[in-house]
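Listed below, chain by chain, are the residues.
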Amino acid sequence: MRLPILNPRSLFRRKTMKDDAMAGLVLGVESVPDGLASGLLAGVNPIAGLYSYLFGLAGGALFTSTAFMAVQGTGAMAIIVADVDLGSRDDPARALYTLSMLTGAVMILAGLLRLGSFLRFVSNSVMTGFITAVGVNIVLGQLDDFTGYEAEGGNRVVRAFDLALNFWKVDIPTITVGVATVALIVGLQRTKLGALGLVVAVFAGSAIGGLFRLFDRDVSQVRDIADVPRSLPLPTLPVFGDMVVLFVPALSLAFVGLVQGAGVSAGFPNEDGSKQDESQDFVGQGAGNIVAGVFQGMPVGGSMSASSLMATAGAKTRTAAFFAAGVMAIVILLFGGIIELVAMPSLAALLMVVGVGTVKPSQIMSVAKTGAVPLTVMTITFGLTLVIPLQYAVLVGVGISVILFVIRQSTRLVTKRLIFHDDGRIEEVEPRSEVPPDSVTVLQPYGALFFATASTLLEQVPTVTPESRNSVVILRVRGADDAGATLIDILETYAQSLREVDSKLMIVTDNERVIRQLRVTGATDVIGAHNVYRSSAFLGETTRRAHADALAWVDANRVPQHSSSEAAEPTEPDDETGPDDEGDDRNA
């Protein structure tokens, strides 16, 4: 890994300083209300959200390989934090910081172990269902602050129904501020202000809330729930006793953050053409979390919206992230009193706009059109994410992805019978339903061979009957790195059924590990060590040799009354369109 922190001179470049400073100004100013809103969404002190944006941004930029990756809070991660029962801990605030540091440790470990490739096992249908539910949860979670009515219920969906049934109890000044802020956000973002329109809208909505307070109509502000210190936070240590309880939430937070960060890595290539390393980006996000936790912030991850804003604002290098962190520090130190006056319904409105933007109807329709299975998986994930705590919904989603992957792989296995023709052509046909007598049958399975596909293979090979005497079945095993106990057991059972009718199984494989597994498990005692062939480097050479040996064996053991029409039929060697055979041309 080429860590930027090891080359400090690369972090600040004079020729790009102006562009990076302007991009940092935009991102830094926008991150102030966004950080407060993220803390509000997580159900913690909004200042923790502010600190996480500042220190996560700076800490992540020191290690990521993707220059424009902004390591800040994300809606999905904030929702998971909200579902963690931090209030039950002896020190809820330090439990939050501990959760950030533990999440960072998991991310760093994932990066060092180079586990980025495992993200491909999470299906698009699962992620679409999860992210859509997160968007809905963000909106539902802000209804109390947006309307001024404290709904009752065990989860966000139930509380939303309670609000609908008691809609006349909403606070008019509060909902007026919220609706005005939404309108301003939507309108101002379409002007030249662009992303800064978010900041203007939040403060304009807060000004409307201030007017209501002048007329003794209370509209909640940040100062009602938190004091903004006029200094930066001091380092804090984790609560080691809370780590066991917080491990599952940390694992879920790390997974969601890494998935979203992988999207940033793919979406924002480095302008200088330098190589991006997904695993190094894992380390960078982990470092951002540890720095954020040490300085009293909540968990963070690669933020698509913040990264997009930084790039759109004209950033040239990762230096823009440091400028943004500096701008946030100045705002906290000099304008803390103004931050305290931000209206809570304005922050809720900002989050609701973000939540609505998270829901992608086109992506949902794309998954729905793919087929019944992806639609079902997406729907189940969506429903579970709405009704159970997100840290568990994430793990369920991963489980569904793995199960879906196994199902898809097991249904993709196709077995073909290969036939030689006298003119040298090779024909690929469907296997017979039964093994005929006095015959040689060459079978080629296509697809991954592992425990879930082993039974599928058994269903696709010809059945051995009492009439299947004096025959040879040649199975060409390709691409199997590990036979596994289930596959070996099935091969051994099939070979035994052939032996019982005076026939036999031959195996041609390109993998020495598979041959060794057959030997150490005792499968070759049934198959016969001389009937297991190691492929050569020449296409089809070993399979042709096995086929010739099989024909000679059938002829030598042929019983006159079992004369078969099979001898008149074209014989069946290897398929030349298959993968190249590799290894030594020898019997195992």
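Residues numbered from 1 in each chain as written. Predicted model: local features only at pLDDT ≥ 70, side-chain atom pairs only at ≥ 80, totals over all residues. Heavy atoms only, no water.

**Quick look at the overall build of the protein chain**
Link 1 in the chain: For the protein chain, the count of helices and strands is 22 helices and nine strands.
Link 2 in the chain: Across the protein chain, the fraction of contacts at a sequence separation of at least 24, relative to all contacts at a separation of at least 6, is 84%.
Link 3 in the chain: Looking at the protein chain as shown, the accessible area adds up to about 25,700 Å², and 61% of this sits on carbon and sulfur atoms. (Helix = DSSP H or I, 4+ residues; strand = E, 2+ residues; numbered from the N terminus. Contact = heavy atoms within 4.5 Å. Areas by Shrake-Rupley, 256 points an atom, 1.4 Å probe, with all protein chains shown as cover.)

**Regarding the packing of aromatic side chains**
Link 1 in the chain: Counted under the stated rule, the structure contains two aromatic pairs.
Link 2 in the chain: Ring geometry for F55 versus F295: centroids 4.5 Å apart, planes at 10 degrees, classification stacked. Taken together, the residues span a long stretch of sequence, with F55 in helix 2 (residues 46-61) and F295 in the loop between helix 11 (278-294) and strand 2 (301-303) at a distance of 240 residues.
Link 3 in the chain: Its relative accessible area of 12% is what places F55 among the buried residues.
Link 4 in the chain: Between the aromatic rings of F167 and W168, the centroid separation amounts to 5.6 Å while the plane-to-plane angle is 80 degrees, which identifies the pairing as edge-to-face. As far as the burial class goes, F167 and W168 line up, both exposed. (Phe/Tyr/Trp six-rings, centres within 6.5 Å; stacked < 30°, edge-to-face > 60°. Buried < 20%, exposed > 50% of the residue type's maximum accessible area, 1.4 Å probe, protein only.)

**Observations concerning the nonpolar core**
Link 1 in the chain: Of all hydrophobic cores here, the largest spans 66 residues; its most connected members are V44, V81, L86, L96 and L347.
Link 2 in the chain: When residues in this core are grouped by element, the largest group, nine residues, is from helix 4 (residues 92-112).
Link 3 in the chain: If near-sequence neighbours (up to four positions away) are discounted, L347 is found in contact with P33, L36, A37, L40, V202, V222 and V342.
Link 4 in the chain: One finds I488, L505, V514 and I515 within the second-largest nonpolar core, a separate group that totals 28 residues. (Core = buried A, V, L, I, M, F, W, Y, C linked by side-chain atoms within 4.5 Å.)

**Brief notes about a nonpolar patch on the surface**
Link 1 in the chain: Taken together, the side chains of F203, L232, I330, L333, L334, F335 and I338 present a nonpolar region at the surface, about 620 Å² in accessible area.
Link 2 in the chain: Mapping L333 onto the fold places it in helix 13 (residues 319-339). (Patch = residues over 30% accessible without salt bridge, like charges linked within 9 Å, V, L, I, M, F, W, Y side chains within 5 Å. Salt bridge = Lys/Arg side-chain N within 4 Å of Asp/Glu carboxyl O.)

**A few points about the side chain of T542**
Link 1 in the chain: Along the chain, the position of T542 falls in helix 22 (residues 541-556).
Link 2 in the chain: Residue T542 is classed as buried on the basis of its relative accessible area, which comes to 0%.
Link 3 in the chain: Here S536 takes part through its backbone nitrogen, which lies 2.9 Å from a polar atom of the side chain of T542. (Polar contact = N/O pair within 3.5 Å; in protein donor to acceptor, adjacent residues only side chain to side chain.)

**Comments concerning the confidence of the model for the protein chain**
Link 1 in the chain: Taken over all residues, the pLDDT of the protein chain has a mean of 83, while the share at 70 or more is 89%.
Link 2 in the chain: Within the protein chain, the lowest mean pLDDT, 42, falls on strand 9 (residues 586-587), and the highest, 94, falls on helix 4.
Link 3 in the chain: Contacts for the low-pLDDT stretch residues 562-588, under 50 throughout, to residues beyond four places or in other chains number 104 contacts. (pLDDT = per-residue confidence, 0-100.)

**Let's talk about the packing of helix 8 (residues 172-188) against helix 14 (residues 344-358)**
Link 1 in the chain: At a closest axis distance of 8 Å, the pairing of helix 8 and helix 14 adopts a crossing angle of 45 degrees. The angle between the axes of helix 8 and helix 14 places the two elements in the oblique class. Crossing geometry of helix 8 relative to helix 14 is assigned as right-handed. Contacts between helix 8 and helix 14 involve T174, V177, G178, T181, V182 and I185 from the first element and P345, S346, A349, L350 and V353 from the second.
Link 2 in the chain: Here the contact of helix 8 with helix 14 is built from residues that sort into seven nonpolar, four polar and no charged. (Axes fitted to C-alpha atoms, helices over the stretch in contact; angles between N-to-C directions. Parallel < 35°, antiparallel > 145°, perpendicular 65-115°, else oblique. Left-handed = near helix turned anticlockwise from the far one by under 90°. Nonpolar A, V, L, I, M, F, W, Y, C, P; charged D, E, K, R; others polar.)

**Here's the deal with the pattern of salt bridges**
It is possible for side chains of opposite charge to pair when their charged atoms get near one another.
Link 1 in the chain: Inspection of the entire model under this criterion finds 10 salt bridges.
Link 2 in the chain: R230 is the partner of E340 in a salt bridge, and the nearest nitrogen-oxygen pair spans 3.6 Å. Separated by 110 residues along the polypeptide, E340 in the loop between helix 13 and helix 14 and R230 in the loop between helix 9 (196-214) and helix 10 (243-267) bring together distant segments of the chain.
Link 3 in the chain: A residue is classified by how much of its surface remains accessible, and E340, at 13% relative accessible area, is buried.

**Looking at helix 16 (residues 372-387)**
Link 1 in the chain: Relative to the 22 Å expected for 16 residues at 1.5 Å per residue, helix 16 spans 23 Å between its end C-alpha atoms, a close match to the ideal helical length.
Link 2 in the chain: Of all the positions in helix 16, only P374, V377, M378, T381, T385 and L386 are classed as buried. For helix 16, the buried positions fall inside an angular range of 160 degrees around the axis, keeping them on one side. (Expected span 1.5 Å × (residues − 1). Arc of directions from axis to C-beta.)

**A closer look at the pairing of strand 5 (residues 440-446)**
Link 1 in the chain: Here strand 5 lies mainly inside the structure; six of its seven residues are buried.
Link 2 in the chain: When strand 3 (residues 414-420) meets strand 5, the two strands line up antiparallel, connected through five bridges. By the bridge assignment for strand 5, R417 is matched with L443.
Link 3 in the chain: Sheet topology places strand 5 next to strand 6 (residues 472-477); four bridges connect them, and they run parallel. Bridge pairing in strand 6 places V440 opposite V472. (Pairing = 2+ DSSP bridges.)

**Looking at the side chain of N531**
Link 1 in the chain: Position of N531 relative to the elements: it lies in the loop between helix 21 (523-527) and strand 8 (532-534).
Link 2 in the chain: Looking at N531, its side chain comes within polar contact range of the side chain of H530, at 3.5 Å.
Link 3 in the chain: Other than its neighbours up to four places away in sequence, N531 contacts K504, L505, M506 and I507.

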